[in-house]
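# Tertiary structure, described
Next come the chains, spelled out residue by residue.
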Amino acid sequence: MKLLAEAKIAAENVNLQELDASYRKATLNMAMVTLSCEQALRHLPEDANKSQVSFVVATHFGEVSSTLEFLSTYHETQTPRPILFQNSLHNSTLGFASLQLGLTGPAMTVSCDRATPHAAMNLAETLLELTPYVLVCFVDHLPAPLVPYYLENFPFVESYLNKARCQLYSRA
Amino acid sequence: MAEHFRIRGPMALTTSSCSASLQALATAFLWIRAKKVRRCIVGTTEIHADLTRVGFGSLRLLSKNICSPFDKNRAGINLGEGSAFLCLEDAGLRPQTAGWGYLSGAGLSTDAYHATSPHPEGKGSQEAMRMALESAKLDPKKIGWVYAHGTGSPANDLAEAKAISQVFSHKPWVSSTKSSHGHTLAASGALESVLGLLAMKRNEILPTHNYKETDPQISLRITSEKVAQPLDHFLKNSLGFGGINASVIFSKTARPS
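Worth saying up front: this structure is predicted, and the values here are computed from it rather than measured.

The next subject is the overall build of chain A. Scanning chain A from N- to C-terminus turns up six helices and five strands. Walking chain A from its N terminus toward its C terminus, one meets helices and strands in the order β-α-β-α-α-α-β-α-β-α-β. Relative to its full complement of 172 residues, chain A shows a buried share of 55%. For chain A, contacts bridging at least 24 residues in sequence account for 77% of all contacts bridging at least 6. Put simply, chain A shows about 7,700 Å² of open surface, and 50% of that area lies on carbon and sulfur atoms. Charged side chains of chain A number 11 positive and 16 negative; the gap between the two group centres comes to 4 Å.

Take the overall build of chain B next. For chain B, the helix and strand inventory stands at six helices and 10 strands. The C-alpha atoms of chain B give 17 Å as radius of gyration, which agrees with the globular expectation for 257 residues (18 Å, within 12%). Expressed as lengths along the three principal axes of its C-alpha atoms, the size of chain B is roughly 50 × 40 × 30 Å. In the structure as shown, chain B presents an accessible area of about 11,400 Å², 52% of it carried by carbon and sulfur atoms. In chain B, the 29 positive side-chain charges and the 20 negative ones have mean positions that sit 5 Å from each other.

The subject of this paragraph is the pattern of salt bridges. Under the criterion given, the structure shown has 15 salt bridges over all chains. Across the pair Glu125 of chain A and Lys36 of chain B runs a salt bridge, and its minimum N-O distance is 3.1 Å. Here the residue Glu125 of chain A occupies a position in helix H5 (residues 116-127), and Lys36 of chain B occupies one in the loop between helix H1 (20-33) and strand S1 (39-46), the pair thus bridging two chains. What makes Lys36 of chain B partly exposed here is its relative accessible area of 33%. Here Lys178 of chain B ties to Glu192 of chain B by a salt bridge, and the two come within 3.0 Å at their closest N and O atoms. You can see Lys178 of chain B sitting in helix H5 (residues 178-181) and its partner Glu192 of chain B sitting in helix H6 (residues 188-201), a full 14 residues away along the chain. When salt bridges that share partners are traced, they join Glu6, Lys8 and Arg165 of chain A into one network.

Moving on: the interface of chain A and chain B. The interface of chain A with chain B comprises 37 residues on the first partner and 36 residues on the second. Across the chain A to chain B interface the summed buried area is about 2,900 Å²; carbon plus sulfur atoms make up 66%. When the area that chain A buries against chain B is broken down by residue, the three leading residues are Phe85, Asn91 and Leu130 of chain A, summing to 18%. Counting the contacts that link chain A with chain B gives two salt bridges.

Residue and element names in this part refer to chain B. Burial within strand S10 (residues 244-251) is extensive, with eight of its eight residues counted as buried. The alternating pattern of S10 places Ile244, Ala246, Val248 and Phe250 on one face and Asn245, Ser247, Ile249 and Ser251 on the opposite face, and all of these are buried. Pairing of strand S3 (residues 102-110) with S10 involves eight bridges; the strand directions are antiparallel. Across the sheet, the residue bridging to Leu108 is Ala246, located in S10. Summarising the sheet, strand S9 (residues 233-240) and S10 pair through eight bridges and their orientation is antiparallel. Paired with Asn237 across the bridge in S10 is Ser247.

What follows concerns the sheet that holds strand S4 (residues 145-147) of chain B. Spatially, the six strands line up as an open sheet ordered S3-S10-S9-S4-S5-S7 (chain B), and their pairing is mixed. Of all the strands in the sheet, the pair left with one neighbour each is S3 and strand S7 (221-222) of chain B.

We now examine the sheet that holds strand S5 (residues 163-170) of chain A. Residues and elements named next belong to chain A. With mixed pairing, five strands are arranged side by side in an open sheet as S1-S5-S4-S2-S3. Either end of the sheet is taken by a strand with one partner, and the two such strands are strand S1 (2-10) and strand S3 (107-110). Strand-to-strand, the axes of this sheet are offset by a mean angle of 15°, without reference to chain direction. Packed on one face of the sheet, helix H1 (residues 28-41) meets S1, strand S2 (53-58), strand S4 (133-140) and S5 and runs near 145° to S4. The strands touched by helix H4 (residues 92-101) are S2 and S3; relative to S2, the strand with the most contacts, the crossing angle is about 145°.

The next thing to look at is the packing of H1 of chain B against H6 of chain B. Residues and elements named next belong to chain B. Running from N to C, H1 and H6 point in directions that differ by 70°, and their axes come no closer than 5 Å. Here H1 lies roughly perpendicular to H6, going by the angle between them. Side by side, H1 and H6 meet where Ser21, Leu22 and Leu25 of the first sit next to Ser188, Gly189, Ala190 and Ser193 of the second.

Residue and element names in this part refer to chain B. Between its terminal C-alpha atoms H1 stretches 20 Å, which fits the 20 Å expected from 14 residues at 1.5 Å a residue. Most of H1 sits out of view: 12 of its 14 residues are buried. Within the sequence span of H1, burial applies to Ala20, Ser21, Leu22, Gln23, Leu25, Ala26, Thr27, Ala28, Phe29, Leu30, Trp31 and Ile32. Remark: Lys35 follows H1 within two positions and exhibits a positive phi of approximately 65°.

Analysis parameters
In this convention, every chain numbers its residues from 1, walking through the sequence in written order. For this description, chains carry letters from A and ligands carry numbers from 1, given in the order in which they are written. Residues qualify for local features only when their pLDDT is at least 70, as the model is predicted, and side-chain atom pairs are given and counted only at 80 or more; totals for whole chains, interfaces and linings, by contrast, use all residues. Calculated side-chain values reflect all of the structure's heavy atoms, with hydrogen atoms and water omitted. Secondary structure is summarised from DSSP: a helix means a run of H or I of at least four residues, a strand means a run of E of at least two, and numbering begins at the N terminus for each. Three exposure classes are used, based on accessible area relative to the maximum for each residue type with a 1.4 Å probe and protein chains only: buried under 20%, partly exposed in between, and exposed over 50%. Between two residues, a contact is recorded if the distance between any of their heavy atoms is within 4.5 Å. Using a 1.4 Å probe, accessible areas were evaluated by the Shrake-Rupley method; residue-level cover was limited to the displayed protein chains. The charged-residue count follows a simple rule in which Lys and Arg add positive charge and Asp and Glu add negative charge, with His and chain termini not counted at all. We put the charge of a Lys on NZ, of an Arg on CZ, of an Asp on CG and of a Glu on CD. In this treatment the radius of gyration is a C-alpha quantity, and the globule benchmark scales as 2.2 Å times the residue count to the 0.38 power. Take a side-chain nitrogen of Lys or Arg and a carboxyl oxygen of Asp or Glu: if they are within 4 Å of each other, that pair is a salt bridge. Joining two parts hides part of their accessible area as seen by a 1.4 Å probe, and the buried area is that hidden amount summed over both. Pairs of strands are assigned from DSSP output, requiring at least two bridges between the strands. Axis definition: a line fit to C-alpha positions, over the contact stretch in the case of helices; interaxial angles, taken between N-to-C directions, run 0 to 180 degrees. Orientation is classified from the angle alone, with under 35 degrees giving roughly parallel, over 145 giving roughly antiparallel, 65 to 115 giving roughly perpendicular, and any other angle giving oblique. Helix span, expected: 1.5 Å multiplied by one less than the number of residues in the helix.

Next comes the structure, spelled out in structure tokens:
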């Protein structure tokens, strides 16, 4: 695997209200993945098209904020909000980013406890058998009140917390 | 599970919604083909949670009656619970031992169309099926049966039906068994692969229970009764939220390497 580009973005540098209307229903995970991948994709060779790019989203815990909001709202009002359910799914981050970026190649979300980063790289290498390029994006965002709990019980998440890091690879 | 069973080789947990377990089968296929591993355990478990039931209800995707995939009056899905695990191994590892079947091709794609609805023409699904056929080096006419995702949702079934019609001009049999066991979401790909492998061993096309009336927009060869027919290959589809598509092809005999 040959690293073509890397892009990073921190949650503190993303203001969802300032992004364009297509981000209206986005979560912070979705915005961070899309924005960082957009930067990395600028390094895709000009003759490559986006169906030739596989996409792996690696997230230890997925859309925790949306899940919490969905459950809290439902608990308080007894009315489930479809957009919060839709956004609570692990795969929703990948779905949103692939739609925004026009990625139509193979795509997977991977959540594999402490082995998530290793599994993601393994899958990326595998997907290079199907397409000449692969994007791998690591993302985890947690609501502030839950951070101490997660850090105490899952210390491995600390270096991935509240940021997205995207890498674009080609076949060696 | 890897720790419990002391599995030291590569592992992955894909959480790609309803395509997850078919993606996992595709990954195992690619790992074995690339000689990264010689054997791989693949599977999924899906259990009911209030979050799932309430969530799908909020999207108005649930049918109040037994679901009826591809039927003119289909009105949504039934949630199901299930678990299925398969052991895949390099066909050359124990050539004298007959397996249940052979995974001969896999294809993956993304719609990039909508968060929860498939592309109306099933473009992504078409791409996944074509990739699987190419990977298996099979002419579409060799596929005797398409074991569809077929959730019973109006939009999903129509998109998948259009995709199947585009890829397979010879009108193979098409079934969905979700009216028998419900939609087991992430587990559906693995669970239905096992059912499909058993059916292929018996040369049977599984029925789509509760299929009664043809939808004029759907031009597929669907049966509500079991059909006895010699079967060498079948293709299994999964389509998931986020526009994630997976297709795999199972064959009765191993392709010569």
